[in-house]
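Tertiary structure, described
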Amino acid sequence: MSETFSYYPGCTSHSTAVEYIDSCGEVLSALGIETKELPDWCCCGAASAHNLSRTLALGLSAFNIREAQREKADLLIPCAGCYNNLSRADNALRHDPEMRAHLEKALGFSYTGEIRMLSIVDLLAREELRPAIRARIQKPLTGLKVVCYYGCMLVRPAGITGIDDPENPVRLDTIMADLGAQVIDWSCKTDCCGGDLGMSHGKKTKELVNGIVDYAVAAGADCLVTSCALCQMNVDSRQNRIPIVFFTEMMAEAFQIGNRKRWWKKHINNPAHLFKDR
Amino acid sequence: MKVNLLKTDDSLLRRIMNESGQPVNLCFQCRKCSAGCPMIDEFDFPPNMVMRMIQLGRREELLASKAIWMCVSCETCGARCPNGIEIAPVMDCLRAECLEEGVIPADKTAVGLHTAFTDNVKVFGRLHEATMLMLFKLRDKKISKDDIELGVKLLLRGKIPLLPRRSKDLQKIRELFKDSGR
């Protein structure tokens, strides 16, 4: 692939989802996809800013769109939450002339609409990448039973996220099946984990997470596979029955690349046993 | 309660529809939103009732409701609404109006989290979990055993860095806060 993307790592890239961003980097470079981190970026507003002010939430995300526009390359976004916020801001800039005028003035730029927001799941699930992914596999994930957990932010609203199907998305499933894993169908693909209220309403989050995990266990899964930093944190930290692994960690395992053992130790439910003696 | 629809005040409905861009007037109470809402047990009014209350102009009760702060914007409702209403942006409007009008929020903990979070971004441009969580929990004065255990686990795994990372153009970021009144 000859495309080069701008790259928006997001705040969790150096904290709660460090193993996600590290594994994204390894997988992208293994597939020959070039990325360049934005020279300057700020928080997208996450799940908090929009609760207090729509203008602030869109402004923070638009700051990053302004930076990406300067780089003249489509913006690749690994975190589902960041992807949702930046896509919402891009949508407002594209279709809401009043908000666009406001944001352009606040940020001192002129929106061209030439660059696009791209989630890493949508990139890696592209049909034309499948042969390259299959060719990189050193050790297929044969025998591993996985359920794919998409959560909310990558999925809804479909008009913003461009998801294949908001009730039954399959892009992660397709990637996992290509890696040789046994992908199990289940009911909670797009159920909510409690989101940012995990930090303030832990009891409720625990209830939601355990409802999801009940289904994953009943389906016979060895682990949940996700692409959302917040889902991973909530599900990993509120139960001790099953590991939840980032999809790029699974890819790195199949490719046998990266410092995987170090990533696994970052998990509260260490997934190391899944990958031993397979 | 008897509702006289001829005397209904539709100014709230018009304003919310304009600000959120959502066709709240189309809600015909199928209750798909409430059937799928993961947070409904925490709501005082289920989402379908919130839509009806907006149509009827029941502003005071809405702004003082717990529902507006317990909605996590998962958009399960929006994905299933036969009338194409996304409830999360509607909730955003109600939340903003609650704060602007100085109504005491029904769930101070949720507001405290969002405030601590955005305040932190105002300082660093990016989120610094350690200072954000510390300030939030100190102000909230509700630290559970689970919170402490989780904090220790994350610290031991190097997932809560002690030093913050900053954006370069902090001046512009602070202008964005000022511009939005936060």
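Residues numbered from 1 in each chain as written. Chains lettered and ligands numbered in written order. Predicted model: local features only at pLDDT ≥ 70, side-chain atom pairs only at ≥ 80, totals over all residues. Heavy atoms only, no water.

Glancing now at the overall build of chain A. Per the secondary structure count, chain A includes 14 helices and eight strands. Taking 19 Å as the expected radius of gyration for a compact globule of 278 residues, we find that chain A reaches 18 Å, a close match to that expectation. Viewed in the frame of its principal axes, chain A has a C-alpha envelope of about 60 × 45 × 30 Å. Looking at chain A as a whole, 65% of its 278 residues qualify as buried. For chain A, long-range pairs separated by at least 24 residues make up 75% of all intrachain contacts whose partners lie at least 6 apart in sequence. Element-wise, carbon and sulfur atoms account for 48% of the exposed surface of chain A, whose accessible area totals about 9700 Å². Looking at charge distribution, chain A has the averaged site of its 31 positive side-chain charges lying 4 Å from that of its 33 negative ones. (Helix = DSSP H or I, 4+ residues; strand = E, 2+ residues; numbered from the N terminus. Rg over C-alpha atoms; globule rule 2.2 N^0.38 Å. Buried < 20%, exposed > 50% of the residue type's maximum accessible area, 1.4 Å probe, protein only. Contact = heavy atoms within 4.5 Å. Areas by Shrake-Rupley, 256 points an atom, 1.4 Å probe, with all protein chains shown as cover. Lys, Arg positive; Asp, Glu negative; His and termini not counted. Charge placed at Lys NZ, Arg CZ, Asp CG, Glu CD.)

Residues and elements named next belong to chain A. Buried within helix H9 (residues 171-178) we find Leu172, Asp173, Ile175, Met176 and Asp178. Buried positions along H9 lie against helix H6 (120-124), helix H7 (130-136), strand S5 (145-149), strand S6 (182-183), strand S7 (223-226) and helix H12 (247-255). After H9 finishes, the residue glycine 180 shows a positive phi value of roughly 100°.

All names here are of chain A. If you check the domain split of chain A, you get domain 1 (4-120) and domain 2 (140-254). The C-alpha-based centres of domain 1 and domain 2 are spaced at 23 Å. Taken together, the 22 residues of domain 1 in the interface contact 18 residues of domain 2. Taken together, the two surfaces of domain 1 and domain 2 that pack against each other cover about 1700 Å², and 68% of this comes from carbon and sulfur. In terms of surface lost to domain 2, no three residues of domain 1 exceed Tyr20, Ala80 and Asn84, which account for 29% of the buried area on that side. (Domains from an automatic or database assignment. Buried area = accessible area lost by both parts, 1.4 Å probe.)

The next subject is the pairing of S5(A). Residues and elements named next belong to chain A. Burial analysis of S5 places four of its five residues in the buried class, the great majority of the element. Inspection of the sheet shows S5 paired to S6 by two bridges, in the parallel sense. From the neighbouring strand, lysine 145 faces S6, where its bridge partner is glutamine 182. In the sheet, S5 pairs with S7 via four bridges, with the strands oriented parallel. Its bridge partner lying in S7, valine 146 is registered against cysteine 223. (Pairing = 2+ DSSP bridges.)

This paragraph deals with the interface of chain B and chain A. Taken together, the 56 residues of chain B in the interface contact 55 residues of chain A. With both chains or domains summed, chain B and chain A bury close to 4900 Å², and 61% of this area falls on carbon and sulfur atoms. Sorting the residues of chain B by area buried against chain A places Arg126(B), Lys159(B) and Leu176(B) first, and these three jointly supply 14% of that buried surface. Connecting chain B to chain A are five salt bridges. Ionic pairing is found between Lys159(B) and Glu19(A), a salt bridge with its closest N-O pair at 2.9 Å. (Salt bridge = Lys/Arg side-chain N within 4 Å of Asp/Glu carboxyl O.)

Turning next to the environment of Ile115(A). Residue and element names in this part refer to chain A. For isoleucine 115, the location among the structural elements is in the loop between helix H5 (97-107) and strand S4 (117-119). Residue class for isoleucine 115 comes out buried when judged on its relative accessible area of 6%. Residues isoleucine 115 and cysteine 11, spaced 104 residues apart in sequence, show a C-alpha to C-alpha distance of 22 Å. In this view, isoleucine 115 contacts Ile65, Ala68, Gln69, Lys72, Ala73, Asp74, Asp90 and Arg94; residues no more than four positions away in its chain are not counted.

Residues and elements named next belong to chain A. In spatial order, the strands read S6-S5-S7-S8; together these four strands make up an open sheet with parallel pairing. Looking at strand neighbours, the two that pair on one side only are S6 and strand S8 (244-246), the edges of this open sheet. Sheet analysis places S7 next to S8, joined by three bridges and oriented parallel. Considered in S8, the bridge of leucine 224 is made with isoleucine 244. Contacts from H9 reach S5, S6 and S7 within the one sheet, and its direction differs from that of S5 by about 155°. Against the sheet, H12 touches S5, S7 and S8, its axis set at about 75° to S8. (Axes fitted to C-alpha atoms, helices over the stretch in contact; angles between N-to-C directions.)

Let's shift gears to the domain arrangement of chain B. Its domain assignment divides chain B into domain 1 (8-100) and domain 2 (108-179). For domain 1 of chain B and domain 2 of chain B, the distance between their C-alpha centres works out to 28 Å.

In regular strands, side chains alternate between the two faces of the sheet. Residues and elements named next belong to chain A. Sheet topology places strand S1 (residues 4-7) next to strand S2 (residues 34-37); four bridges connect them, and they run parallel. Its bridge partner being in S2, threonine 4 is matched across the sheet by glutamate 34. Alignment of S1 against strand S3 (residues 75-77), held across two bridges, turns out to be parallel. Among the inter-strand pairings, serine 6 is bridged to a residue of S3, identified as leucine 75.

Our next topic: the confidence of the model for chain B. Model confidence for chain B is summarised by a mean pLDDT of 95, while 99% of its residues fall at 70 or above. Scoring the predicted complex yields pTM 0.97 and, for the interface, ipTM 0.95. (pLDDT = per-residue confidence, 0-100.)

Further remarks concern the side chain of Asn120(B). Residues and elements named next belong to chain B. For asparagine 120, the location among the structural elements is in helix H8 (residues 108-124). Reaching out from asparagine 120, the side chain makes a polar contact with the backbone nitrogen of histidine 128 at a distance of 2.7 Å. In this structure, asparagine 120 is in contact with Gly125, Arg126, Leu127, His128, Thr131 and Met132, ignoring residues within four places of it in sequence. (Polar contact = N/O pair within 3.5 Å; in protein donor to acceptor, adjacent residues only side chain to side chain.)

A separate point is the pattern of salt bridges. Across all of its chains, the model carries 31 salt bridges over all chains by this definition. Lys189(A) serves as the salt-bridge partner of Asp173(A), at 3.4 Å between the closest nitrogen and oxygen. Of the two residues, Asp173(A) is situated in helix H9 and Lys189(A) in the loop between S6 and helix H10 (202-218); the sequence distance between them amounts to 16 residues. For the pair Asp173(A) and Lys189(A), one class covers both residues: buried. Note that Lys137(B) is salt-bridged to Asp147(B), the shortest N-O span being 3.0 Å. Here Lys137(B) is found in helix H9 (residues 129-140), whereas its partner Asp147(B) is found in helix H10 (residues 145-156), with 10 residues between them in sequence. Assessed through its relative accessible area of 18%, Asp147(B) is described here as buried. Each of Arg15(B), Arg59(B), Glu60(B), Glu97(B) and Glu101(B) takes part in a single network of salt bridges with overlapping partners.

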